[in-house]
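# Analysis of the macromolecular model
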Amino acid sequence: MKKSSYSFPKEERLCLKKQIAQLFEQGESLMSYPVRLKYLLVDAPEGSPAKCLFSVPKKLFKRAVKRNLIRRRLREAYRLHKAELYSNIPEGKQLLIAFIYLDNKVLDYTSGENAMRKAFAKLTPQIRNITAK
RNA sequence: UCAGCAGGCCGGUCUGUCGCUUAUUGUGAAAACAAUAGGAGGAAAGUCCGGACAACAAAGAGCGCCACACUUCCUAACGGGAAGAUAUCCGCGAGGGUAUUGUAGUGUAACAGAAAACAACCGUCCUGCGUGCAGGAUAAGGGUGAAAAGGUGGGGUAAGAGCCCACCGGUGCUGCAGGCGACUGUGGCAGCCGUACGCCAUGUGGGUUGCAAGACCAUGUAUAUCCCGGUUUCCUUAGGGUACAGGACUGCUCGUCCUGAUGGCAACAGCCGGGAAGGGUAGGUCGCUAAAGGCUUUGGGUGACCAAGGUCUCAGAUAAAUGACAGGCGCCAAACUUGUUUGGUACAGAAUCCGGCUUACAGGCUUGCUGCUUUU
RNA sequence: GGCCCUAUAGUUCAAGGGAUAGAACGGAAGUUUCCUAAACUUCAGAUUCAGGUUCGAGUCCUGGUGGGGCUA
């Protein structure tokens, strides 16, 4: 890593419309309360090991302030803990992840952090399975 | 002091760690890295009005549709704002809400009630006789209703009535005074006068769509569809007028223009050019933020606002940054140990940009004014 | 982001500003039957919310809330 492992530049974010459509059509799901994950492993010789996006449905929170707050907290939790995920992703592959918030209450940072740890713990064996095939 | 009315303003702050984004500078071939500076609001919201800007459309006339409607002013513009006018309702009051074009025409007013506007059910009075009915006169009195035919007093009459008179209220015309004006005050004349809501009429304004507008670059499939023109082959008289249909202006009508088929009549294939429709792409750059800009001083105006001078540059993201965590301070509430603990700290997040309106909002500051009751 | 539409019983729809907001299906109770179905009788159940206009709003006007659509 050229930069500090806690940075979160644009190339680690999922922002191409094509890739998002691919992720939601072909990706697999995983629950880790209060978020739901959607993930897909694709071939990518260059670039960052993972790309992710965070989503809070408008149906749960009508006000944009609350949606922004949750999305920012989730992003911080991902940014500070992504190193433990990156070590498990093999060379030449790229992981696309979408985090979708499910609760209808605004939860604090620590519960988001716990959810993130739990999600990574669940995700690593799944990645091994896929790569083994 | 307390309660209240009208207006204006603010709406947390500091430190540390790790991040995001824009600009500039430096290093570097580039990717990138480093430093410095900036990085949500009074409503950024609802998308309700008005503009700027952009694309498309546009010979014109009439009608329709939508919005607005007292006066003077402000403004780029407005359905917004300021200062007023009149009427009415609420409040003790400071004040607040609503309405306002119309001497034309026309409609409706459930139930109840005699009657909802060319009004006789009861009543009152007159006449007739068969003495309780018929014919008339009459809006003074009467239960109903949201609303009942100007009000009070006098004259008058068979009984009554703007039938007549005086005063008052209102309407129309008009003289004088004040005001830029709506209008106000006051005098004269006239006709004697209901209320509410519509339709309708009059005047003014409105082309449509919206930055996902639009411009450029990149990526990229197929000439498989349709039309027109030219040319080659084959077939075939050619050109014009009239009516019909469709389309555009346009929501409708007229009108204008264009096209089509019919008017005796076309067909097939290849190539070239143009157009339509369809398919594909979903990346980037511009638009994009220096503006009807902010702050401030002076002057003008009752005010909205305007003029002149000075000074400043103040978000530009694009699956979308402006943050997360920890601690301190401030503010509010409760508890008691009276200076500690515990809890809370609003509404809410730019998406092309401005001017308004509306709605949400913990708490606080400030200017002017009011007070029936209450305290000093 | 921009531009629009809409809201009536549990569901699908009605209702010229004027009695208690109507109909169908569904629900509940009863009659009939040995029991069920069918049939018949009865009942319950609604104008998205807050203001305003009006004597009187489901309807007219204003604002909020919810639901839905279109747009490269």
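Overview of the structure. (Residues numbered from 1 in each chain as written. Chains lettered and ligands numbered in written order. Predicted model: local features only at pLDDT ≥ 70, side-chain atom pairs only at ≥ 80, totals over all residues. Heavy atoms only, no water.)

### Topic: the side chain of T124
This is how the line gets drawn: Working definition: helices are DSSP H or I runs of at least four residues, strands are E runs of at least two. Numbering for both runs from the N terminus. Burial classes: relative accessible area under 20% of the type maximum marks a residue as buried, over 50% as exposed, and values in between as partly exposed (1.4 Å probe, protein chains only). Pairs of N or O atoms within 3.5 Å make up the polar contacts considered here, provided that, within protein, one atom can donate a hydrogen while the other can accept it, and that residues adjacent in sequence are counted only when both atoms are side-chain atoms.
Inspection of the secondary structure assignment puts T124 in helix 3 (residues 109–132). The class for T124 is buried, based on a relative accessible area of 13%. Here A121 takes part through its backbone oxygen, which lies 3.2 Å from a polar atom of the side chain of T124.

### As for the pattern of salt bridges
Worth spelling out the cut-off: Between Lys or Arg on one side and Asp or Glu on the other, a salt bridge is scored when a side-chain nitrogen of the former is within 4 Å of a carboxyl oxygen of the latter.
All chains considered together, the criterion is met by 2 salt bridges. Linking E12 and K82 is a salt bridge whose minimum nitrogen-to-oxygen distance equals 2.6 Å. Taken together, the residues E12 in the segment before helix 1 (17–26) and K82 in helix 2 (residues 64–86) connect sequence positions 70 residues apart. An identical accessibility class is assigned to E12 and K82; each is buried. For R79, the salt bridge identified is with E76, shortest N-O distance 2.6 Å. Of the two residues, R79 and E76 are both situated in helix 2; the distance of 3 residues between them amounts to about one turn of the helix. Among the residues examined, R79 registers a relative accessible area of 22% and is labelled partly exposed.

### Regarding the nonpolar core
Our working definition: Note on terminology: a nonpolar core comprises buried Ala, Val, Leu, Ile, Met, Phe, Trp, Tyr and Cys residues joined through side-chain atoms within 4.5 Å. We call two residues in contact when some of their heavy atoms are within 4.5 Å.
Core analysis: the largest hydrophobic core is formed by 27 residues, its most contacted members being L37, Y78, L85, L95, I97, F99 and L123. Among the elements that take part in this core, helix 2 stands out by supplying 6 residues, more than any other. Ignoring any residue separated from it by four or fewer positions in sequence, one finds L37 in contact with E28, S29, L30, S32, I97, A98, F99, A119 and L123. Grouped together as the second largest cluster of nonpolar side chains are 7 residues, V42, L53, L96 and A98 included.

Interpretation in functional terms is not warranted from these geometric data alone.
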